[in-house]
Amino acid sequence: MAHRKLRKTPELPSHQHDVTQVSDTQHLRGMNRPPSNPVFQETGYDPASSVYDMEYEESTGSELDFWMNESQKFGSRVLEFAVGTGRIAIPLARHGFQVFGVDSSQRMIDQARRKKSLLPSPVQQRLSFKHGRMEQYQVDLVFDLAFVGFNSYLLLPDKESRIDTLRNASRHVRPGGAVAVDVFAAVPLDAEPDHEEVEFIEHEPATGLRVTRERFYSHNRELNRGQSTLVYRFYENQVMVGERRLGYSLALVSRDDVVSEFTDAGLDIDGIYGSYERDPWKPDSPILIVVGRNSSVDT
Ligand SMILES: C[S@@+](CC[C@H](N)C(=O)[O-])C[C@H]1O[C@@H](n2cnc3c(N)ncnc32)[C@H](O)[C@@H]1O
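Note that this is a predicted model, so its numbers are computed, not measured. Going along each chain's sequence as written, the residues are numbered from 1 onward. Restriction of local features to residues with pLDDT of at least 70 applies here, the model being predicted, together with a cutoff of 80 or more for giving and counting side-chain atom pairs; totals for whole chains, interfaces and linings are based on all residues.

Can you lay out the overall build of the protein for me, pointing to particular residues and giving the numbers?
Helices and strands together make up the secondary structure of the protein, namely 8 helices and 11 strands. When each of the 299 residues of the protein is scored for burial, the buried share is 42%. Residue pairs are scored as contacts if the distance between their C-beta atoms, which are placed from the backbone, is within 7 Å. Relative to all contacts within the protein whose residues are 6 or more apart in sequence, the contacts with residues 24 or more apart total 71%. A run of H or I in DSSP counts as a helix once it spans at least four residues, and a run of E counts as a strand once it spans at least two, with each numbered from the N terminus. Whether a residue is buried, exposed or partly exposed is read from the other C-beta atoms within 10 Å of its own C-beta, which are placed from the backbone; 20 or more gives buried, 12 or fewer gives exposed, and intermediate counts give partly exposed.

Listed below in structure tokens is the structure:
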């Protein structure tokens, strides 16, 4: 995911944490000394492909309801940018929507395709996963709704690429269709460094290895981005047999920044919400969802 620091999205279930086993391992490995923040490096999501689905279960509840209602409102053809392993796309397809997903990580797409191959054939036929960047990906199809979920819009490197992405999404949407993003509006706490202790995540299904995660967070003042380094460690019994690092940064933006990016991309604002239940956005809302309409006239 692209989770922000400290305030985890409450709606998203995560797995039970087996802290006892981890602290045993820490003692064995001598890792229970104060951690030093590793040098931050953007890695893309390839290193996360095998752990992502252990961290984040398939979308259910209010998040899925929101995207289903939004899809129903505008039509059944959905384009999801930054689709990842299909966490939202797959349940949408199960519910009858036609979902076309694009992601810049080949390994995340490979994982999405593997999951697709296990689904009943009618659901498979409603799903496509393609490798590409959301700022520029082109396909000769028309959609009713295009969206970027789960903070992924904030992974884009700068304001220009965010506006390019909204314009690109809008170009793929029919007149009257919608473009939406689900992000968070930054608060002062997002500029504070942070460290999350080692936590047990789960046993990796393919290997049975025990997987832990440790997270380091820092704020890049110059770029105004929150930088996360997630260190995944793999254990066979008590012995560490592998380590993988995921480094990503999220733009720290305000509600007004996001709204003006929609306007700059030529979209008319349709809704600004602070929850998946469509509560109006307030400065202390945990999330920020902006929905814009492509108001161009069909020629
Ligand atoms: C937090 S994951 C979200 C995946 C999925 N939407 C979900 O809800 O689980 C972020 C995804 O954004 C993708 N991503 C980052 N930058 C991208 C870009 N410029 N174009 C397309 N995908 C991108 C990453 O590869 C990663 O799979």
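Don't stop here, the text continues.
Got a sec to walk through the nonpolar core? Specific residues and values, please.
In this structure, A146, A180 and L288 are the most contacted members of the largest nonpolar core, which totals 69 residues. Boundaries of every domain are those given by an automatic assignment or by a domain database. For this core, the two domains that each supply at least three residues are domain 1 (19-43 + 187-251) and domain 2 (55-185 + 253-294). Setting aside residues up to four positions removed in sequence, A180 forms contacts with E70, L145, F147, I289, V290 and V291. When buried Ala, Val, Leu, Ile, Met, Phe, Trp, Tyr and Cys residues are joined through C-beta atoms within 7 Å, the set is termed a nonpolar core.

Tell me about unusual backbone geometry, residues and numbers included.
Positive phi outside glycine occurs at N224, with the angle close to 50 degrees. If you trace the backbone, N224 turns up in the loop between strand 7 (210-220) and strand 8 (225-236). Given 14 C-beta atoms within 10 Å, N224 falls into the partly exposed group.

Could you give an account of the site of the ligand, naming the residues involved and the relevant values?
The local shell around the ligand holds 23 residues, among which Y45, A82, G84, R87 and S105 are the closest. Following the grouping adopted for this structure description, the nonpolar residues are Ala, Val, Leu, Ile, Met, Phe, Trp, Tyr, Cys and Pro, the charged ones are Asp, Glu, Lys and Arg, and the polar ones are all others, Gly among them. For the shell around the ligand, the per-class residue count stands at 14 nonpolar, 5 polar and 4 charged. Only the C-beta atom matters for this test: placed from the backbone, it must lie within 6 Å of a molecule or strand for the residue to be near it.

Could you give an account of helix 5 (residues 106-117), naming the residues involved and the relevant values?
Multiplying one less than the number of residues by 1.5 Å gives the expected span of a helix. Along its 12 residues, helix 5 runs 16 Å from first to last C-alpha, staying within 8% of the 16 Å computed at 1.5 Å per residue. Within helix 5 the residues assigned to the buried category are M108, I109, Q111, A112 and K116. Along the axis of helix 5, the buried positions cluster into a sector of 160 degrees, meaning they face one direction only. The elements touched by buried residues of helix 5 are helix 2 (52-55), strand 2 (98-103), helix 6 (121-125) and strand 3 (127-131). This arc describes the spread of directions from the helix axis toward the C-beta atoms.

So what's going on with the environment of E192? Residues and values would help.
Counting through the fold element by element, E192 comes out in the loop between strand 5 (173-183) and strand 6 (194-203). Distance in space between the C-alpha atoms of E192 and S218 is 6.8 Å, their sequence separation being 26 residues.

Give me the lowdown on the sheet that holds strand 8, citing residues and values where you can.
Strands in a sheet are paired, the pairing made by backbone hydrogen bonds, and the direction either parallel or antiparallel. Taken in spatial order, the 4 strands make up an open sheet running 6-7-8-9, and their pairing is antiparallel. Every other strand in the sheet has two partners, leaving strand 6 and strand 9 (239-251) as the edge strands with one partner each. Taking each pair of neighbouring strands and ignoring which way they run, the sheet shows an average axis angle of 20 degrees. For two strands to be treated as a pair, DSSP must find at least two bridges joining them. Bridging between strand 7 and strand 8 involves 11 bridges; their strand directions are antiparallel. Within the sheet, the bridge partner assigned to H219 lies in strand 8 and is G226. Orientation is described by lines fitted to C-alpha atoms, with helices fitted over the stretch in contact, and by angles between N-to-C directions that extend from 0 to 180 degrees.

Can you lay out the pairing of strand 4 (residues 143-148) for me, pointing to particular residues and giving the numbers?
Counted residue by residue, strand 4 has 6 buried out of 6 residues, so it is predominantly covered. Across 4 bridges, the pairing between strand 1 (residues 77-81) and strand 4 is parallel. Residue pairing in the sheet places F81 in a bridge with V148 of strand 4. Across 5 bridges, the pairing between strand 4 and strand 5 is parallel.

Purely geometric numbers; function is a separate question.
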